[in-house]
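So you can see what is in the structure, the chains are spelled out below.
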Amino acid sequence: GEDVEQSLFLSVREGDSSVINCTYTDSSSTYLYWYKQEPGAGLQLLTYIFSNMDMKQDQRLTVLLNKKDKHLSLRIADTQTGDSAIYFCAEIHSGGYQKVTFGTGTKLQVIP
Amino acid sequence: DVKVTQSSRYLVKRTGEKVFLECVQDMDHENMFWYRQDPGLGLRLIYFSYDVKMKEKGDIPEGYSVSREKKERFSLILESASTNQTSMYLCASSLSRVPYEQYFGPGTRLTVT
């Protein structure tokens, strides 16, 4: 079945850039997502990218997709303490009932 | 704003009890999902439903069942709770159109003793 892998933990200093990486196995993925989970809350969609795109930028967020290597990354510029959260990579492929496969989640710790 | 609510934030049950977790969404979404979240394992799909009275098994359905009698409500049932079902349970809903964004409830932390 589909598999989505992430490193479990990332620590950065406030003001630096954060890069969270994700690899996936499903070559038929159509959309790839980044969700954010703040402490005590459910997940919230941050951004998404269609599989025929290489890059998407949204304010401080940059998503890079390398489809050949099945690698997705999320860059957060000027990381703030409010960015401390768990970030989940996720993918969906065509032909299903919008079944999304989520990664293991990366806990981002921002040090003031 | 889409709202997904779950009946309890924290729940403590005994082994062997029947447990009901309720989820309600207010945006007329066709699809609803139940996940469990465990440290280091991420989110794992238990069941999902793409229409009233329709359900599909996810990746880990064993020990669980679901009910969707109305479009806005999706219930997760633990027929006989066991300690290995201690977890965070997250409900989500989505429309059946691009980008298929899922909206999540705040979660229910279930402890089975």
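Residues numbered from 1 in each chain as written. Chains lettered and ligands numbered in written order. Predicted model: local features only at pLDDT ≥ 70, side-chain atom pairs only at ≥ 80, totals over all residues. Heavy atoms only, no water.

S.K.: Looking at this structure, how should I read the overall build of chain B?
M.R.: Of regular secondary structure, chain B possesses zero helices and 11 strands. Moving toward the C terminus, one meets the helices and strands of chain B in the order β-β-β-β-β-β-β-β-β-β-β. By the compact-globule yardstick of 13 Å for 113 residues, chain B fits well, its C-alpha radius of gyration being 13 Å. If one aligns the C-alpha atoms of chain B with their principal axes, the spans along those axes are about 40 × 30 × 25 Å. Across the 113 residues in chain B, those meeting the buried criterion constitute 49%. (Helix = DSSP H or I, 4+ residues; strand = E, 2+ residues; numbered from the N terminus. Rg over C-alpha atoms; globule rule 2.2 N^0.38 Å. Buried < 20%, exposed > 50% of the residue type's maximum accessible area, 1.4 Å probe, protein only.)

S.K.: Could you clarify how one ought to interpret the state of the cysteines in this entry?
M.R.: Here a disulfide denotes a covalent bond joining the sulfur atom of one cysteine to the sulfur atom of another. Inspection of every chain in the model, using the stated rule, returns two disulfides over all chains. Two residues share a disulfide in this structure: Cys22 of chain A and Cys89 of chain A, whose sulfurs sit 2.0 Å from each other. As the torsion about the S-S bond is roughly -65°, the Cys22 of chain A-Cys89 of chain A disulfide counts as left-handed. Note that Cys22 of chain A is positioned in strand E3 (residues 18–24) and Cys89 of chain A in strand E9 (residues 85–93), a separation of 67 residues in sequence. Across the pair, exposure class does not vary: Cys22 of chain A and Cys89 of chain A are buried alike. Two residues share a disulfide in this structure: Cys23 of chain B and Cys91 of chain B, whose sulfurs sit 1.9 Å from each other. (Disulfide = S-S within 2.5 Å.)

S.K.: Got a minute to help me understand the side chain of Ser51 of chain A in this structure?
M.R.: Residue and element names in this part refer to chain A. With respect to the secondary-structure elements, Ser51 resides in the loop between strand E5 (43–50) and strand E6 (55–58). At 3.3 Å, the side chain of Ser51 forms a polar contact with the backbone oxygen of Ser29. Those residues in contact with Ser51 that lie beyond four places of it in its chain are Ser29, Thr30, Leu65 and Lys67. (Polar contact = N/O pair within 3.5 Å; in protein donor to acceptor, adjacent residues only side chain to side chain. Contact = heavy atoms within 4.5 Å.)

S.K.: Mind showing me how you'd approach the sheet that holds strand E8 (residues 71–76) of chain A here?
M.R.: By way of backbone hydrogen bonds, the strands of a sheet pair with one another, either parallel or antiparallel. Residues and elements named next belong to chain A. In space, the five strands of this open sheet follow the order E1-E3-E8-E7-E6, with antiparallel pairing throughout. The two strands at the open ends of the sheet, each matched to only one other strand, are strand E1 (4–6) and E6. Strand-to-strand twist in this sheet, taken as the mean axis angle between neighbours without regard to direction, amounts to 15°. Where E6 meets strand E7 (residues 61–66), four bridges bridge the pair, whose relative direction is antiparallel. Considered in E7, the bridge of Met55 is made with Leu64. (Pairing = 2+ DSSP bridges. Axes fitted to C-alpha atoms, helices over the stretch in contact; angles between N-to-C directions.)

S.K.: What should I look at first to understand the environment of Lys56 of chain A in this one?
M.R.: All names here are of chain A. Counting through the fold element by element, Lys56 comes out in strand E6. Once the C-alpha coordinates of Lys56 and Leu74 are considered, the two residues, 18 residues apart in sequence, prove to be 9.7 Å apart. Among the polar contacts listed, one links the side chain of Lys56 to the backbone oxygen of Tyr48, at a separation of 2.9 Å.

S.K.: Looking at this structure, I do not really get the sheet that holds strand E7 (residues 64–70) of chain B. What am I missing?
M.R.: Residue and element names in this part refer to chain B. Here four strands make up an open sheet; going across it, the order is E1-E3-E8-E7 and the pairing antiparallel. The open sheet has two edge strands with one neighbour each: strand E1 (4–6) and E7. The mean angle between the axes of side-by-side strands here comes to 20°, regardless of whether they run parallel or antiparallel.

S.K.: Whenever I open this one, the environment of Gln59 of chain A confuses me. Can you help?
M.R.: By secondary structure assignment, the location of Gln59 of chain A is in the loop between E6 and E7. Linking Gln59 of chain A and Val110 of chain A, residues 51 residues apart in sequence, is a C-alpha distance of 19 Å.

S.K.: Looking at this model, I keep getting lost on unusual backbone geometry. Mind explaining?
M.R.: Among all residues save glycine, negative phi is the norm, and among peptide bonds the norm is trans. Cis geometry marks the peptide bond from Val98 of chain B to Pro99 of chain B, where omega comes out at 0°. One can find Pro99 of chain B in the loop between strand E9 (87–94) and strand E10 (103–104). For Asp78 of chain A, which is not a glycine, the phi torsion comes out positive at approximately 50°. By the element assignment, Asp78 of chain A lies in the loop between E8 and E9. By relative accessible area, which is 41% here, Asp78 of chain A ends up partly exposed. Positive phi is not limited to glycine here, since Tyr100 of chain B has a value of about 60°. In this structure, Tyr100 of chain B sits in the loop between E9 and E10.

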